[in-house]
Amino acid sequence: MKILALVCVAGAAFAQADVEAGGRIFKQTCSVGYCHGAGGGAGRAPVLAGRGLAQSYLAKTVAEGIPNTGMPGFKSRLSGADYNAVMGYLLKINGAAAAGPIFEPVKDAPASALPAMARKGKGLFFDPVRGTRCGTCHAVEAWGQAVGPNPVGASLQVADLRNGKGTQVQLARVGADTFPAVLIESKGGRTKVFDLTLPPPVARSFDTKDVRFSGGANWKHSELVKSYSDADLTAIAEYLKWVAQN
Amino acid sequence: MKYITLLLAMSAMAQSPHATTANWPHYGGQYSSWRYSALDHVNNSNVKKLAPVWGFSTGDIAGGLQATPIVVDGVMYLSSSNNHIFAINAVTGEQLWRYTHQLPKGFTTFYGPWNRGVAVGNGSVFVGTLDNRVVAVDQKTGKEQWNVLVEDANQCGCNITGAPLLVKGKVIVGVTGGDSAHRGYVTAFDVKTGREAWKFWTIPAPGEKGNETWLGDSWKLGGGSSWMTGSYDPELNLVYWSIGNPSADFYGDSRKGANLYTDCVVALDADTGKLKWFHQQIPHDVLDYDTAYENILLDLPVEGKMRKLLLNVNKGGIVFVVDRVTGQFVSGYKLVKHINWMTGFSKDGEILGRNDPKEGVPTFVCPAIGGGRSWNQAAYSPVTKQLYTTAIEWCQDVVVGKEEPQEGKTFFGGTFEARHPKGEPAYSHLDAIDPVTGKKLWEYRSKYPLLASVLATAGNLVFSGDPEGNFFALDAKTGAKLWSFQTGSGHRGSSITYSVNGRQYVATPSGWGSAVAGLVSQLWPEVAEFRSASMVWVFALPEAAK
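Bear in mind the structure is a predicted one, so any value in this text is a computation, not a measurement.

Engineer: Hey, could you go over the overall build of chain A for me, with residue numbers and the actual values?
Structural biologist: Across its full length, chain A carries seven helices and seven strands. In chain A, the proportion of contacts linking residues at least 24 apart, taken out of those at least 6 apart, comes to 59%.

What follows is the structure, encoded as structure tokens:
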């Protein structure tokens, strides 16, 4: 992942070549698919050309995106050079003078420092090919769902990763139905639990008076991770260790 | 005696598995997705008197309003953009309850904020969400019952915008992601508990039949979304789902092969999700011509023999009719005049004369990526035996470019710009055609692309709406416009009809927006200024005239 530092300086100018490169990147990244129109013209997303959009607004929006819309942030998607080139292009189609304040070309962050084994472990943790993967029940970095505990900082012995303690798991009883459950919350007369009968976990809500909890849930972490070999779990441990250290 | 005959006729009508009557229970009307109602109080002789009786604004106009309202026993269930669900008194328009799904803070999605509808049954209302969850809420109160994350949306870049299909105690959902580096699936959940019942991966894994149709690892992130809603045949116990294009959309060299089961109709066992048969429309698609749309189940004679058929409109502007017992090809025809990516069909349904775009240079291709028809659905009337479908005459320049997949990120492998066809400006039409042969009975023209579904009724009427905001009724036999009402914003949803206490109502969403609507302004710049909205309008005949 490349990280951009936004540094605003006055007086620096983009080379024409950068603006042209920005136009190409814009075409491949921003006017692609059903987003902005070609040349910043009409599309599903707003017109960008000829609107006098301010540099500060463009810089923030391109980097961070607009929450709750289709506009993602590009700070982790574009290299520093590409980001600057797109900014140069956006300023140009908004009629900004080439000599106006622009961004100091940002140096690309060094290539991801994730070592090979940890990278393999990350791939396994979030393996999209497995219907059930670690990320189905655990959140690490930007991905996954926090049903179970944060595995970063837990014991990273392969046997522990395989067996998992599952101390949060209780037996829930609702009418005739019993299932292994993790309590999410109980308020306003409603109780919400994760039902762990089958992956993926289901967040179920009940009237609090209808739910009873006890120990003795028939639930085994080892059943959920059986598609992972010990070598896989070793790589996953390396990944979790790397996250803890970075 | 006359009264008894009428009662018998009405009871036969109510039991018809294909036509709707008082309720509009499923996304496509009934399981066979005809979008046809047996109600005929509103008909071609009195439709001129049709007048609005109530309106409902959802308050969230992002992306317009694309849903099909569901009506059960006098209550309308409506979903809007950003996963609001409303229960509305279908006679008065009064809100009974509202549910709003809480999205994670700062959530963004490429596939837009819209939602195309809910499913209702077993005491619950079900919706698929923008962050790729399926949620069940209590049908009477709107209180959440269960909520399951199908796959992390931040990772997969995918989500659910289509309406769920409810079959035999299971709620079945598709997934977007066809323009992303993602491997698609269709998933079924138990209606009571939310526990996963089955999952059908739309791209076979190594060791499974069909994986050999993908080069190397390309199957892992090869698209095959399932973004619209399936149909169901209770006699065959088969769920029919349409599987979208392979990814990258335009660049195909890194996924050489037929790319099963992309661009296929798949027939799945409703109890297990197991594949019974598939019919691939376009092997190795490089034009984003999804097989994504509705599957219309028809029983019609072909060469003198009654057949169980399935009709599917492909985004590339062509129609396939197959045998829904076996998946065998029956017929194929063109829906649009301006089509240059193929020339026709072999007798086995193979597409002839393919004109695939080249890398690095613009290729002029018709129809445009928005489709020879978009996802808005067709209707079938058993009275006229006609299929009523919209179509769009437009083209594009495609430039193919090599692209490496990044999981969950867009993966087009090329760019496109809409163009007018050679020799005439782009336009749109709503046609009445013979479903098996494609023979056209009539054509109704529109300047702008028609992007709303069609509704057919036993009242000899066909309803739809246009981007300018007009909701209109055509004579089903002649295509003559009989009635029109300006709703204030363009149409991108699906109209329905229902009755409560014997009075027939016609309801339509109104609210301009969507991905394809965004493309329209590339050819008609003024469309960029078309106003959005998110309203349902409901019409009826004056009380005295019923």
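Engineer: Which residues make up the sheet that holds strand β18 (residues 238-243) of chain B, and what values go with them?
Structural biologist: Pairing between sheet strands relies on hydrogen bonds along the backbone, with the strands arranged either parallel or antiparallel. All names here are of chain B. One open sheet accounts for four strands, arranged β17-β18-β19-β20; its pairing is antiparallel. A strand with exactly one partner marks an edge of an open sheet, and here the two such strands are β17 (231-233) and β20 (275-280). Across the sheet, the mean angle separating the axes of adjacent strands is 20 degrees when strand polarity is ignored.

Engineer: How would you explain unusual backbone geometry if you had to name every residue and give the values?
Structural biologist: Pro 199 of chain A connects to Pro 200 of chain A through a cis peptide bond whose omega is -5 degrees. Cis peptide bonds are those with omega within 30 degrees of zero, and the linkage from Ser 247 of chain B to Ala 248 of chain B qualifies with 0 degrees. By the secondary structure assignment, Ala 248 of chain B is in the loop between β18 and β19 (264-269). Despite not being glycine, Glu 141 of chain A shows a phi value in the positive range, around 55 degrees.

Engineer: Just give me the short version of the domain arrangement of chain A, but keep the residues and values in it.
Structural biologist: If you check the domain split of chain A, you get domain 1 (8-103), domain 2 (116-164 + 221-245) and domain 3 (170-214). Computed from C-alpha coordinates alone, the two centres of domain 1 of chain A and domain 3 of chain A are separated by 48 Å.

Engineer: Explain the packing of helix α4 (residues 116-125) of chain A against helix α7 (residues 230-245) of chain A to me, and be specific about the residues and the numbers.
Structural biologist: Residue and element names in this part refer to chain A. One can describe the packing of α4 onto α7 by two numbers: an axis separation of 7 Å at closest approach and a directional angle of 105 degrees. Put simply, α4 runs roughly perpendicular to α7. On the side of α4, the interface is formed by Met 117, Ala 118, Lys 120, Gly 121, Lys 122, Leu 124 and Phe 125, while α7 contributes Asp 232, Ala 235, Ile 236, Ala 237, Glu 238, Tyr 239 and Trp 242. In terms of residue class, the contact of α4 with α7 is made up of nine nonpolar, one polar and four charged.

Engineer: Lay out the nonpolar core with the relevant residues and their values.
Structural biologist: The biggest cluster of nonpolar side chains holds 203 residues, and the ones touching the most others in it are Val 86 of chain A together with Tyr 77, Val 118, Val 171, Val 239 and Ala 379 of chain B. Ranked by the residues each element gives to this core, the list is headed by helix α3 (residues 80-93) of chain A, at eight residues. Val 86 of chain A has contacts with Gly 22, Ile 25, Phe 26, Val 62 and Leu 78 of chain A, leaving out every residue within four places of it along the chain. Core analysis: the next-biggest nonpolar cluster, separate from the first, contains 16 residues, Leu 161, Leu 233, Ile 236 and Leu 240 of chain A among them.

Engineer: Outline the interface of chain B and chain A, listing residues and values.
Structural biologist: Size of an interface: often given as the accessible area lost when the parts come together. Every contact between the two is made by 40 residues of chain B and, on the other side, 36 residues of chain A. Sort the elements by how many residues they give to the side of chain B that touches chain A and strand β10 (residues 144-149) of chain B lands first, with six residues. Class assignment for the residues of the side of chain B that touches chain A results in 14 nonpolar, 16 polar and ten charged.

Engineer: With reference to specific residues and values, describe the environment of Gly 513 of chain B.
Structural biologist: Residues and elements named next belong to chain B. In this structure, Gly 513 sits in the loop between β39 (503-510) and α3 (515-523). Overall, the presence of 27 C-beta atoms within 10 Å leaves Gly 513 in the buried class. Taking the C-alpha atoms as reference points, Gly 513 and Leu 260, 253 residues apart in sequence, are found 32 Å from one another. For Gly 513, the contacting residues outside a window of four places in its chain are Gly 63, Gly 64, Arg 492 and Ser 532.

Engineer: Describe the sheet that holds strand β8 (residues 124-128) of chain B, naming the residues involved and giving the relevant values.
Structural biologist: Pairing is antiparallel in the open sheet, where nine strands are placed in the order β7(A)-β3(A)-β4(A)-β5(A)-β6(A)-β10(B)-β9(B)-β8(B)-β7(B). Among the strands making up the open sheet, the edge pair consists of β7 (211-214) of chain A together with β7 (119-121) of chain B. Direction aside, the axes of adjacent strands within the sheet are offset by 30 degrees on average. The sheet contact formed by strand β3 (residues 170-174) of chain A and β7 of chain A spans four bridges and is antiparallel. Note that in β7 of chain A the partner of Ala 172 of chain A across the bridge is Phe 213 of chain A.

Engineer: Talk me through the confidence of the model for chain A; I want residue IDs and the actual numbers.
Structural biologist: Confidence in the prediction for chain A averages 85 pLDDT; 88% of positions are at 70 or higher. Across residues 1-12 of chain A, where pLDDT falls below 50, the model places 27 contacts with residues more than four positions away in sequence or in other chains.

Engineer: Explain the pairing of strand β35 (residues 461-465) of chain B to me, and be specific about the residues and the numbers.
Structural biologist: Residue and element names in this part refer to chain B. Counting buried residues along β35, five of its five residues qualify, which places the element largely inside the surrounding structure. Burial along β35 is two-sided: Leu 461, Phe 463 and Gly 465 and Val 462 and Ser 464, pointing in opposite directions, are all buried. Here strand β34 (residues 455-457) hands over to β35 after three residues, with Asn 460 in that stretch at a positive phi of 65 degrees. In the sheet, β35 pairs with strand β36 (residues 470-475) via five bridges, with the strands oriented antiparallel. If you follow Ser 464 over to β36, its bridge partner there is Phe 472.

Engineer: Break down helix α1 (residues 16-29) of chain A for me, citing the residues and quoting the values.
Structural biologist: Here α1 of chain A contains 14 residues, and its C-alpha end-to-end distance of 20 Å stays within 8% of the 20 Å for a straight helix at 1.5 Å per residue. When we look at burial in α1 of chain A, the residues that qualify are Asp 18, Gly 22, Gly 23, Ile 25 and Phe 26 of chain A.

Engineer: Tell me about the pairing of strand β37 (residues 481-486) of chain B, and name the residues and values.
Structural biologist: Residue and element names in this part refer to chain B. As defined by bridge partners, β36 adjoins β37 across five bridges and the pair is classed as antiparallel. What sits directly across from Phe 471, in β37, is Phe 485. Adjacent in sequence and paired antiparallel, β36 and β37 are bridged by five residues, among which Gly 479 carries a positive phi angle near 80 degrees.

Engineer: Residue-level account of the packing of α1 of chain A against α3 of chain A, with values.
Structural biologist: Residues and elements named next belong to chain A. Close contact between α1 and α3 brings their axes to 7 Å; oriented N to C, the two are set at 95 degrees. Looking at the two axes, α1 sits roughly perpendicular to α3. Of the residues in α3, those in contact with Asp 18, Val 19, Ala 21, Gly 22, Gly 23, Ile 25 and Phe 26 of α1 are Asp 82, Asn 84, Ala 85, Val 86, Gly 88, Tyr 89 and Lys 92.

Engineer: Any chance you could break down the confidence of the model for chain B for me, citing the residues and the numbers?
Structural biologist: All names here are of chain B. Taken residue by residue, chain B gives an average pLDDT of 95. The fraction at 70 or more is 97%. Across residues 1-15 the pLDDT falls below 50, and counting only partners more than four positions away or on other chains, this stretch makes four contacts in the model. ipTM for the predicted complex: 0.93, alongside a pTM of 0.94.

Engineer: Explain the environment of Gly 222 of chain B to me, and be specific about the residues and the numbers.
Structural biologist: All names here are of chain B. Its location among the elements puts Gly 222 in strand β16 (residues 222-223). Residues Gly 222 and Glu 526, spaced 304 residues apart in sequence, show a C-alpha to C-alpha distance of 37 Å. In this structure Gly 222 touches Arg 183, Ile 203, Trp 214, Pro 246, Ser 247, Arg 255, Asn 259 and Thr 262, once residues within four positions along its chain are discounted.

Thresholds, definitions, all that
- Residues numbered from 1 in each chain as written.
- Chains lettered and ligands numbered in written order.
- Predicted model: local features only at pLDDT ≥ 70, side-chain atom pairs only at ≥ 80, totals over all residues.
- Helix = DSSP H or I, 4+ residues; strand = E, 2+ residues; numbered from the N terminus.
- Contact = placed C-beta atoms within 7 Å.
- Pairing = 2+ DSSP bridges.
- Axes fitted to C-alpha atoms, helices over the stretch in contact; angles between N-to-C directions.
- Domains from an automatic or database assignment.
- Parallel < 35°, antiparallel > 145°, perpendicular 65-115°, else oblique.
- Nonpolar A, V, L, I, M, F, W, Y, C, P; charged D, E, K, R; others polar.
- Core = buried A, V, L, I, M, F, W, Y, C linked by C-beta atoms within 7 Å.
- Buried ≥ 20, exposed ≤ 12 C-beta atoms within 10 Å, placed from the backbone.
- pLDDT = per-residue confidence, 0-100.
- Expected span 1.5 Å × (residues − 1).

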